[in-house]
Amino acid sequence: MSARSRRAASSATAGAARCTVTVCRGCCCGTPKVPGLDHAAQLTGLRQSLASVATVRTVGCLDVCEQADVIVVQPSAEGRGAGGRPVWLGLVNDPDAAADITAWVEAGGPGLADPPDVLDLYVFRPARRIRQEVER
């Protein structure tokens, strides 16, 4: 196996072992339709603080606009093996909520660490069709 192949395999394994934090940035999330939040700073903060422990990605509209801003925390491979499932968080329009999400993911995320109790206020369950699109 070449050095390039080993790096690619190592990178793929490391990515699979990490939580994935999906940040909606569609028609409502991350726009002036949700006032009072610096959306760019929220995303930058998540990316910077989670760079070593999670993959942070943005997606278009998740079709749950009434919950804007939406963040989905998907478990790492280890977390999924321990029973963790994706957690959908809505109305994440407060810098403290993003900090709580960061702390939880840094501690291991779904399946490996209990979320801070305050995040219970943000958890919601979207329709199955919507969940299946993101949780693949």
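How should the nonpolar core be read in this particular structure?
Most often, soluble globular proteins keep nonpolar side chains buried together rather than apart. Counting 21 residues, the largest nonpolar core has Val21, Ile71, Ile101 and Val105 as the members making the most contacts within it. For this core, the elements supplying multiple residues, two or more each, are strand 1 (19-24), helix 2 (39-50), strand 2 (54-59), strand 3 (71-74), strand 4 (87-89) and helix 4 (95-106). Ranked by residue count, the leading element in this core is helix 4, at 5 residues. Here Ile71 is in contact with Val21, Thr22, Val23, Gln42, Leu46, Val87, Trp88, Leu89, Val92 and Ile101, once residues within four sequence places are set aside. Residues Cys28, Ala68, Val72 and Phe124 belong to the second largest nonpolar core, which totals 13 residues.

Hey, could you run me through helix 4 in this one?
An α-helix turns once per 3.6 residues; consequently, residues spaced three or four apart project the same way. Taking 1.5 Å as the rise per residue, helix 4 with 12 residues should run 16 Å; its terminal C-alpha atoms sit 17 Å apart, in good agreement. The complete set of buried residues in helix 4 reads Ala97, Ala98, Ile101, Thr102, Trp104 and Val105. The buried residues of helix 4 occupy an angular sector of 165° when the element is viewed end-on, so they sit on one face. Across from the buried face of helix 4, at angles greater than 90 degrees, the exposed residues are Pro95 and Asp96. Packed against the buried residues of helix 4 are strand 1, helix 2, strand 2, strand 3 and strand 4. Between the side-chain oxygen at the start of helix 4 and the backbone nitrogen of Asp96 there is a gap of 2.6 Å, and the oxygen is on Asp94. Looking at the residues trailing helix 4, positive phi occurs at Gly108, about 130°.

Honestly, the pairing of strand 3 in this entry has me stumped. Any pointers?
Across a regular strand the side chains alternate sides, sitting on one face of the sheet and then on the other. Because side chains alternate across strand 3, one face comprises the buried residues Ile71 and Val73, and the other comprises Val72 and Gln74, equally buried. One ladder, built from 3 bridges, connects strand 3 with strand 4; its direction is antiparallel. Note on strand 4: the bridge partner recorded for Val72 is Trp88.

Just to check I follow, could you spell out the state of the cysteines for this structure?
By definition, a disulfide links the sulfur atoms of two cysteine residues through a covalent bond. Evaluated as defined, the whole model comprises 0 disulfides. The thiol of Cys24 is unpaired, and the distance to the nearest cysteine sulfur, on Cys29, comes to 3.5 Å. Judged by relative accessible area, Cys24 falls into the buried class, the value being 2%. Note on Cys28: no disulfide assigned, nearest cysteine sulfur contributed by Cys27 at a separation of 3.7 Å.

What is the right way to read unusual backbone geometry from this model?
Trans peptide bonds make up the majority, and among non-glycine residues the majority have a negative phi. Of note, the bond from Ala68 into Asp69 is cis; its omega dihedral lies within 30 degrees of zero at 0°. Looking at the secondary structure, you find Asp69 in the loop between strand 2 and strand 3. Despite not being glycine, Asp63 has its phi angle at roughly 65°, a positive value. Tracing the backbone shows Asp63 in the loop between strand 2 and strand 3. Since its relative accessible area comes to 42%, Asp63 is described here as partly exposed. Even without being a glycine, Leu91 presents a positive backbone phi close to 60°. As for its placement among the helices and strands, Leu91 is situated in the loop between strand 4 and helix 4.

What counts, and at which threshold
Within any chain, residue numbers begin from 1 and follow the written order of that chain's sequence. The predicted nature of this model means local features are confined to residues of pLDDT at least 70 and side-chain atom pairs, given and counted, to a pLDDT of 80 or more, with totals for whole chains, interfaces and linings taken over all residues. The side-chain quantities take in all heavy atoms of the structure and omit both hydrogens and water. What is meant by a nonpolar core is a set of buried Ala, Val, Leu, Ile, Met, Phe, Trp, Tyr and Cys residues, joined one to another through side-chain atoms within 4.5 Å. Any residue under 20% of the maximum accessible area for its type is buried, any over 50% is exposed, and the rest in between are partly exposed; the area is computed with a 1.4 Å probe on protein chains only. A run of H or I in DSSP becomes a helix once it reaches four residues, and a run of E becomes a strand once it reaches two; helices and strands are each numbered from the N terminus. Any two residues whose heavy atoms approach within 4.5 Å at even a single point are treated as in contact. Expected span of a helix, by definition, is 1.5 Å for each gap between consecutive residues, and there is one gap fewer than residues. When we speak of the arc, we mean the arc of directions from the helix axis to the C-beta atoms. Any N or O atom pair separated by 3.5 Å or less is treated as a polar contact, with the protein-specific requirement of one donor-capable and one acceptor-capable atom, and with residues adjacent in sequence counted only for side-chain atom pairs. What makes two strands pair is DSSP finding at least two bridges between them. We call a pair of cysteine sulfur atoms a disulfide whenever their separation is within 2.5 Å.

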